[in-house]
Number of protein chains: 10
Amino acid sequence: MNRLEVTEKIIAAKVNQGLKWADIAQKVGRSKEWVTAACLGQMTMNEEQASVIADIFKLSEEEKKWLMVTPYRGSLPTTVPTDPTIYRFYELISVYGTTFKELIHEEFGDGIMSAIDFKMDLKRENDPNGDRVNIVMSGKFLPYKVY
Amino acid sequence: MNRLEVTEKIIAAKVNQGLKWADIAQKVGRSKEWVTAACLGQMTMNEEQASVIADIFKLSEEEKKWLMVTPYRGSLPTTVPTDPTIYRFYELISVYGTTFKELIHEEFGDGIMSAIDFKMDLKRENDPNGDRVNIVMSGKFLPYKVY
Amino acid sequence: MNRLEVTEKIIAAKVNQGLKWADIAQKVGRSKEWVTAACLGQMTMNEEQASVIADIFKLSEEEKKWLMVTPYRGSLPTTVPTDPTIYRFYELISVYGTTFKELIHEEFGDGIMSAIDFKMDLKRENDPNGDRVNIVMSGKFLPYKVY
Amino acid sequence: MNRLEVTEKIIAAKVNQGLKWADIAQKVGRSKEWVTAACLGQMTMNEEQASVIADIFKLSEEEKKWLMVTPYRGSLPTTVPTDPTIYRFYELISVYGTTFKELIHEEFGDGIMSAIDFKMDLKRENDPNGDRVNIVMSGKFLPYKVY
Amino acid sequence: MNRLEVTEKIIAAKVNQGLKWADIAQKVGRSKEWVTAACLGQMTMNEEQASVIADIFKLSEEEKKWLMVTPYRGSLPTTVPTDPTIYRFYELISVYGTTFKELIHEEFGDGIMSAIDFKMDLKRENDPNGDRVNIVMSGKFLPYKVY
Amino acid sequence: MNRLEVTEKIIAAKVNQGLKWADIAQKVGRSKEWVTAACLGQMTMNEEQASVIADIFKLSEEEKKWLMVTPYRGSLPTTVPTDPTIYRFYELISVYGTTFKELIHEEFGDGIMSAIDFKMDLKRENDPNGDRVNIVMSGKFLPYKVY
Amino acid sequence: MNRLEVTEKIIAAKVNQGLKWADIAQKVGRSKEWVTAACLGQMTMNEEQASVIADIFKLSEEEKKWLMVTPYRGSLPTTVPTDPTIYRFYELISVYGTTFKELIHEEFGDGIMSAIDFKMDLKRENDPNGDRVNIVMSGKFLPYKVY
Amino acid sequence: MNRLEVTEKIIAAKVNQGLKWADIAQKVGRSKEWVTAACLGQMTMNEEQASVIADIFKLSEEEKKWLMVTPYRGSLPTTVPTDPTIYRFYELISVYGTTFKELIHEEFGDGIMSAIDFKMDLKRENDPNGDRVNIVMSGKFLPYKVY
Amino acid sequence: MNRLEVTEKIIAAKVNQGLKWADIAQKVGRSKEWVTAACLGQMTMNEEQASVIADIFKLSEEEKKWLMVTPYRGSLPTTVPTDPTIYRFYELISVYGTTFKELIHEEFGDGIMSAIDFKMDLKRENDPNGDRVNIVMSGKFLPYKVY
Amino acid sequence: MNRLEVTEKIIAAKVNQGLKWADIAQKVGRSKEWVTAACLGQMTMNEEQASVIADIFKLSEEEKKWLMVTPYRGSLPTTVPTDPTIYRFYELISVYGTTFKELIHEEFGDGIMSAIDFKMDLKRENDPNGDRVNIVMSGKFLPYKVY
């Protein structure tokens, strides 16, 4: 058994049970972004969180333990994602990558936006011309050290 | 002459003149995100915008014309970006890609967040534990058509 | 169980039953292009459509549910398709890619042809020198936003 | 000197002179699709066509000769195109590739749509919900030979 | 079940029964080149041909049906083949690719040798310095269309 | 100076002078296949052959010397050729690769067709349904040694 | 069943039985280099050799037959080998590749060292500063043919 | 100026002067294998060696200094070499890679053949069936450390 | 059975039993770095070490034997690691690669730091600004040989 | 002008002037590791540091300004480095990557070693069996956030 098998079991169970990530997240008591990522095998749960998930998806004790193991991260099967919904994010980096870099350095100096000390929120933005996906990302600025 | 040469001339001139993208954007009358991307060869300017930029960077008439030609987009030299500041964004897609997909579909149904009808805002978020990079993305949801 | 397994079951069943996509599409009440793509795991069906397909291919309730889940899109095993019938389309992009771009921008300005708000129709075009494949693609033009 | 240099000279001249492909095509007496592709280094001109182009873009006799040499085709710098306008076509193949294949074989039997005995027409399709890009492709069906 | 499984079954059966492609081809009444390719999952058989093959290799009715389905072509596991016998052909293209192109264009004008309306014959060529592999390829010339 | 520069000079001169490979080959006294490959930087000329070529293309003494240096072979800019005329040969290997292998081994045992002790002849094959490209390849069979 | 499965069975059996390639080779009556390669699925055995191997590893009649089928060669899972023991050989080609080429051409003229009419011998070379791996390769020189 | 430019100058000069690596090596007082590699930009020369080379090829003082700088090694433009003379060595690794590994471990235990504490000798081996390229490689065995 | 299966069994058992690498290492009597690597299929154990591990993880005799076979090294599924914890090390090489090279050559002359005669120690470094990962690497310097 | 040109000028000047990184670093007043990386175009200098470097290498005012611009990081021309001195570090990640991950998580929990808040020290370690390269890396541990 490995983490991937547990992830696939969770996904299949969710399809079968007709659940929503937002509801699952509420039961876990964490954001839907973090909980979804965790269920998809990208975050590490603590005992309590794993128990809630195990309960929802009828996982065995061994499967539950895998939820508490830090996973080998990376959720995509190819370097450039083929799925259009995900590809658009890759496209944003391709088009705006150097812009992100210029503006971060202009505002903060040399360094990066952390992808570890990071959180995000994805929600619906009502708009008369068609609703929009609104994503707020917040990552700690980490300055390069001179030594 | 081609657009890449104009982009490189703009970058070199900016280094030499010690300008800031925020100030340049203000002169153009558009957001710093869009103006930076445009100066880096990723967006198309209209006559008025190109004139402001040509003025700032002392571009010739021919160089100015290139700013009004739709560019071949893509700002990165490699499929996976090597620069750490830009790589972190790639990492976010790698780790959160399937999460983005799940949550967009859960909220909106089958479709994508447009990377064309899109805008974003990058700013400093003050935080006692260290300031954070805050990015708000807003893209129109486009539903897949059944026909 | 996952969507790929359902797709493979549908394909195998179709071979075995000797059905035609055009007939299946008629039963679903949608175009043969959309229905074929949906059966091949590239589009999302609603309850009604999934029921028709489940009926035709003798799918279980769980398999039917997978047809209603938005799939991870991408139908090809390699970046450059090896199958000659599909490769010719890749070749058209390789040869005509910059031409598509020039003509779309000349007619519409900066923007793209949507691959989401998109439909197409593939049919036989009679020709004394040998019949031809005729494909009509129609995608909404989406202009790049200045902000 | 090589064909690429002539292509770049044509593109730069077009930007500078502010011409349109449709007008250039009319002077050549061929479709805007073929003429654009030819000017972008993807098709071979005959003496007469090359003379018109050489005239418009002030090409030398040697440059004109290159227009009559069959080019090494392929207009894109990367296997997967980064430019969003062109990428959408790649995405269509990725999503619809197996659908194209199924429907061509269902209608015609085993074979391909020729990308050589091929023509296409790209035009504006008026639509109250936003105008659309309409592309009609027509390629001769070529059956696989049994021998 | 899919075509690949049928192909593997045929190959394993051939090893076990100690048959020769030339003999199998004779029973099918087609060239050894086409029949071998068809058995290896690269060509489509008609009912009659499939029946002969099913008979030889003891295939089930369902397996036989797969032989009549147009396969997803491509017989090699890597872009550059590792097997030396096959690699030598790749090497010929690498070394002679531009020569093929020049000579085809010199003799026929702009166009290609079809790989669809194509046949070939591989045989032994006796030679006192060591026998040689002799391959005759014949593909219809297809001229690029001007439109 | 290097071989590539000499090759490019030869190609440009040929375009300019309007010569044919068949005529050049006749002057060299070798087949058009070998002479074309040699001029394109894929074969090594001896003093006499190089002198003929240098004469035709007005090469300097130093340029002539490069024709006598064994080149770094490989005439294509990408692993999978983008040019359709050359790609069709790659496609033949992709589709027929395992067939070549099976038939060579069936006829000769374990070994390869040499791409070094190799010659070929490309010519027009008249056909009422459209002329064909006819290519005869002849390579020495080399058996694997057991030791 | 296929050759890969037989290879894996041989490797597992060797681990379990604690045999040495040198001893196995002696029983086969061929060099340890050739026999090891053959057991690892890279060479073709004759009836007699296959019988010895089948005997040692308790192979079935069908498994033994696979040893007599010419394999699809290529023993490495990646283009650049990750295993350090094997990578060092790749590194030698990377560093000395052009040197091999220069010295072979200087000594023999244009041509290659055959990897088919080839044999090698790997042995221990005693050395007071630490024993050395000594490899002697011998491949027939094959001159390029002019035709 | 960089090392690559010096390498290219040396190669061009050698072509022009008609020298042999064996003679150059004799003047340097080192093996032809090491001296060739050094001249091709893969080894570091000391003052004395660099002076001899600078003398032979009429290098400037600055060019000579580059010969004494440790180069960024790697002599091939692609991961898999396209040149047949060099490719055969890559093929040997592909076919014999696992055999090298098995036999080194069987004789020496876990470890590698050093590609640093390494030397080799390439020479002609007379053979009535055609002369052979004979290469003797000798690399120190380095055992993996347990700690 | 193969080494990968044994590795996966060890990892699953460790998750299930809730053990720590440091404790396992202590029982083996070697560093936690070496023992972890060995359990993850990257190092070769001797009889004694394998017995301890087999005991801890309840391995069969055959599984234990695999621990004593030199593995095919390489622990990552992709060339560029997707997991952020591991990617940071790749990033260090990307950013500092040329710096490592310069400083090693400045201090030692031409040569490498051995990755075979190598050991390392990873530990916690207390720091009031947040604890740090401290890694000490020690590899024997191996000078390039001149011959 | 761009940063790469300044880097190349610095490297060429260093070769010409025969300087040492350690001495340059002392003048800058920072570690040799950071200063070397900065001179090689991987770190950002402040005004004071840039002035020292400009002074040493006789840079123009414009060149000096480039030293203060945050560079696009990534010092290697290929994804897998070909240079053996640098490759060994890549090999360490390939072999020890999963070990690094396991031990960091065991000691610190889920998170990474920062490559931004990072410093390192490379020095000679005397050893009777041959001196060793000793590298101490210290990077802040960054825990994944739950939100």
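Residues numbered from 1 in each chain as written. Chains lettered and ligands numbered in written order. Predicted model: local features only at pLDDT ≥ 70, side-chain atom pairs only at ≥ 80, totals over all residues. Heavy atoms only, no water.

Q: Describe the overall build of chain A, listing the residues and the values that go with them.
A: Counting its secondary structure elements, chain A contains six helices and two strands. Each helix and strand of chain A, placed in order from N terminus to C terminus, yields the pattern α-α-α-α-α-α-β-β. Considering only C-alpha atoms, chain A reaches an extent of 50 × 50 × 30 Å along its principal axes. Residues classed as buried in chain A amount to 61% of the 147 residues present. The long-range share in chain A, meaning contacts at least 24 apart out of those at least 6 apart in sequence, stands at 52%. Summing over all exposed atoms, chain A offers an accessible surface of approximately 5,400 Å²; the carbon and sulfur share of this is 49%. Mean positive and mean negative side-chain charge positions of chain A (19 and 21 charges, respectively) differ by 3 Å. (Helix = DSSP H or I, 4+ residues; strand = E, 2+ residues; numbered from the N terminus. Buried < 20%, exposed > 50% of the residue type's maximum accessible area, 1.4 Å probe, protein only. Contact = heavy atoms within 4.5 Å. Areas by Shrake-Rupley, 256 points an atom, 1.4 Å probe, with all protein chains shown as cover. Lys, Arg positive; Asp, Glu negative; His and termini not counted. Charge placed at Lys NZ, Arg CZ, Asp CG, Glu CD.)

Q: Pulling in residues and values, what's your account of the UniProt feature "domain: Cyanate lyase C-terminal" (unreviewed entry) in chain A?
A: The sites that UniProt annotates as "domain: Cyanate lyase C-terminal" (unreviewed entry) are residues 75-147 of chain A. Helix makes up 34% of residues 75-147 of chain A and strand 37%, whereas the separation of the span's terminal C-alpha atoms amounts to 36 Å. (UniProt positions renumbered as here; feature names shortened; annotations may be inferred.)

Q: So what's going on with the UniProt feature "active site" (unreviewed entry) in chain A? Which residues, and what values?
A: Mapped onto this structure's residue numbering, the UniProt feature "active site" (unreviewed entry) falls at Arg88, Glu91 and Ser114 of chain A. Along the polypeptide, Arg88 of chain A turns up in helix H6 (residues 84-108). If near-sequence neighbours (up to four positions away) are discounted, Arg88 of chain A is found in contact with Ile112, Met113 and Ala115 of chain B, Ile116 of chain C together with Arg88 and Glu91 of chain D. Residue placement: Glu91 of chain A occurs in helix H6. Setting aside chain neighbours within four positions, we find Glu91 of chain A in contact with Ala115 and Ile116 of chain B, Tyr144 of chain C together with Pro84, Tyr87 and Arg88 of chain D.

Q: Tell me about helix H1 (residues 3-17) of chain E, residues and numbers included.
A: Residue and element names in this part refer to chain E. When the terminal C-alpha atoms of H1 are compared, their 21 Å separation across 15 residues agrees well with the 21 Å that a helix rising 1.5 Å per residue should span. Residues of H1 that are buried: Arg3, Val6, Thr7, Ile10, Ala12, Ala13, Lys14 and Val15. For H1, the capping residue at the N-terminal end is Asn2, with a side-chain oxygen 3.2 Å from the backbone nitrogen of Leu4. Gly18 occupies a position one or two residues after H1 and carries a positive phi of about 70°. (Expected span 1.5 Å × (residues − 1). Polar contact = N/O pair within 3.5 Å; in protein donor to acceptor, adjacent residues only side chain to side chain.)

Q: Go over the relation of the copies chain B and chain A with me, naming the residues and quoting the values.
A: The transformation that overlays chain B on chain A combines an axial shift of 0.0 Å with a rotation of 180°, and the residual RMSD is 0.0 Å. In symmetry terms, the pair is related by a two-fold rotation axis. Relative to the rotation axis, the closest C-alpha in chain B is found at Val136 of chain B, a distance of 2.2 Å. (Least-squares fit on C-alpha atoms with pLDDT ≥ 70 in both.)

Q: Quick one: what's the story with the interface of chain B and chain A, residue by residue and with numbers?
A: Interface size is commonly expressed as the accessible area that is lost once the parts come together. Across the boundary between the two partners, chain B contributes 68 residues, which contact 68 residues of chain A. Counting each side, the surface lost to burial between chain B and chain A is near 6,900 Å², with a carbon and sulfur contribution of 66%. There are six salt bridges connecting chain B and chain A. The partner of Asp117 of chain B in a salt bridge is Arg132 of chain A, and the shortest N-O contact between them spans 3.0 Å. Of all the elements in the fold, those that place two or more residues in the side of chain B that touches chain A are helix H2 (21-28), helix H3 (32-39), helix H6 (84-108), strand S1 (111-125) and strand S2 (132-143) of chain B. For the side of chain B that touches chain A, the element with the highest residue contribution is H6 of chain B, accounting for 24 residues. Broken down by class, the residue content of the side of chain B that touches chain A amounts to 32 nonpolar, 17 polar and 19 charged. The pairing of strand S2 (residues 132-143) of chain A with S2 of chain B spans nine bridges and is antiparallel. (Buried area = accessible area lost by both parts, 1.4 Å probe. Salt bridge = Lys/Arg side-chain N within 4 Å of Asp/Glu carboxyl O. Nonpolar A, V, L, I, M, F, W, Y, C, P; charged D, E, K, R; others polar. Pairing = 2+ DSSP bridges.)

Q: Summarise the interface of chain J and chain A; cite the residues concerned and give the values.
A: At the interface, 27 residues of chain J touch 27 residues of chain A. For the pair chain J and chain A, the summed buried surface comes to about 2,700 Å²; carbon and sulfur atoms form 62% of the total. Considering only the surface of chain J that becomes buried against chain A, Ile116, Tyr144 and Tyr147 of chain J emerge as the three largest contributors, covering 32% of it. Summed over the shared surface of chain J and chain A, the number is four salt bridges.

Q: Would you mind going over the environment of Thr98 of chain I in detail, with residue names and values included?
A: Mapping Thr98 of chain I onto the fold places it in helix H6 (residues 84-108). In contact with Thr98 of chain I, other than residues within four places in its own chain, are Leu40, Ser75, Leu76 and Ile86 of chain J. Within polar-contact distance, the side chain of Thr98 of chain I engages the side chain of Ser75 of chain J at 3.4 Å.

Q: Please give an account of the side chain of Thr36 of chain I that cites residues and values.
A: If you trace the backbone, Thr36 of chain I turns up in helix H3 (residues 32-39). Assessed through its relative accessible area of 0%, Thr36 of chain I is described here as buried. Once residues lying within four places of it in the same chain are set aside, the contact partners of Thr36 of chain I are Trp21 of chain I together with Thr99, Glu102 and Leu103 of chain J.

Q: Would you mind going over the sheet that holds strand S1 (residues 111-125) of chain E in detail, with residue names and values included?
A: Within the open sheet, the four strands sit side by side as S1(E)-S2(E)-S2(F)-S1(F). Their pairing is antiparallel. Each having just a single partner strand, S1 of chain E together with strand S1 (111-125) of chain F make up the two edges of the open sheet. Going from strand to strand, the sheet's axes swing by 20° on average, the running direction of each strand aside. (Axes fitted to C-alpha atoms, helices over the stretch in contact; angles between N-to-C directions.)

Q: Talk me through the relation of the copies chain J and chain A; I want residue IDs and the actual numbers.
A: Of the transformation placing chain J onto chain A, the axial shift is 0.0 Å and the rotation is 180°, giving an RMSD of 0.0 Å. Comparing interface residues between copies, 100% of those in chain J also lie at the interface in chain A; the contact surface is shared.

Q: How would you summarise helix H6 (residues 84-108) of chain C if you had to cite specific residues and measurements?
A: All names here are of chain C. In the structure, H6 departs most strongly from a straight axis at Tyr96, where the bend amounts to approximately 65°. Most of H6 sits inside the fold, with 22 of its 25 residues counted as buried. Taking the backbone nitrogen of Thr85 as reference, a side-chain oxygen 3.1 Å away marks Asp83 as the first, capping residue of H6. Positive phi appears at Gly109, one or two residues downstream of H6, with a value of about 90°. (Bend = angle between axes of the 7 residues up to and from the residue.)

Q: Can you lay out the sheet that holds strand S1 (residues 111-125) of chain J for me, pointing to particular residues and giving the numbers?
A: Here we have four strands laid out as an open sheet, ordered S1(I)-S2(I)-S2(J)-S1(J), and antiparallel in their pairing. In this open sheet, the two edge strands, each paired with only one partner strand, are strand S1 (111-125) of chain I together with S1 of chain J. Averaged over all neighbouring strand pairs, the angle between strand axes comes to 20°, with direction disregarded. One ladder, built from 11 bridges, connects S1 of chain J with strand S2 (residues 132-143) of chain J; its direction is antiparallel. Opposite Met120 of chain J, over in S2 of chain J, you have Met137 of chain J as the bridge partner.

Q: Mind laying out a negative patch on the surface, listing which residues take part and the relevant values?
A: A contiguous patch of negative charge on the surface is contributed by Glu5 and Glu8 of chain A, Glu5 and Glu8 of chain C, Glu5 and Glu8 of chain E, Glu5 and Glu8 of chain G together with Glu5 and Glu8 of chain I. Elements with a minimum of two residues in the negative patch: helix H1 (3-17) of chain A, helix H1 (3-17) of chain C, H1 of chain E, helix H1 (3-17) of chain G together with helix H1 (3-17) of chain I. One can find Glu8 of chain C in helix H1. (Patch = residues over 30% accessible without salt bridge, like charges linked within 9 Å, V, L, I, M, F, W, Y side chains within 5 Å.)

Q: Explain the environment of Phe141 of chain A residue by residue, including any values.
A: With respect to the helices and strands, Phe141 of chain A occurs in strand S2. Classification of Phe141 of chain A by relative accessible area gives buried; the value is 10%. When the C-alpha positions of Phe141 of chain A and Met113 of chain A are compared, they lie 4.7 Å apart, and in sequence the two are 28 residues distant. In this structure, Phe141 of chain A is in contact with Ile104, Phe108, Gly109, Asp110, Gly111 and Ile112 of chain A together with Asp131, Arg132 and Val133 of chain B, ignoring residues within four places of it in sequence.

Q: I'd like a description of the packing of helix H1 (residues 3-17) of chain B against helix H4 (residues 47-57) of chain B, backed by residues and values.
A: All names here are of chain B. Relative to each other, H1 and H4 sit at 50°, their axes nearing to 10 Å. Comparing their axes, H4 and H1 come out oblique. Within the contact between the two elements, H1 uses Ile10, Ala13, Lys14 and Gln17 and H4 uses Ile53, Ile56 and Phe57. Its residues placed into classes, the contact of H1 with H4 shows five nonpolar, one polar and one charged. (Parallel < 35°, antiparallel > 145°, perpendicular 65-115°, else oblique.)

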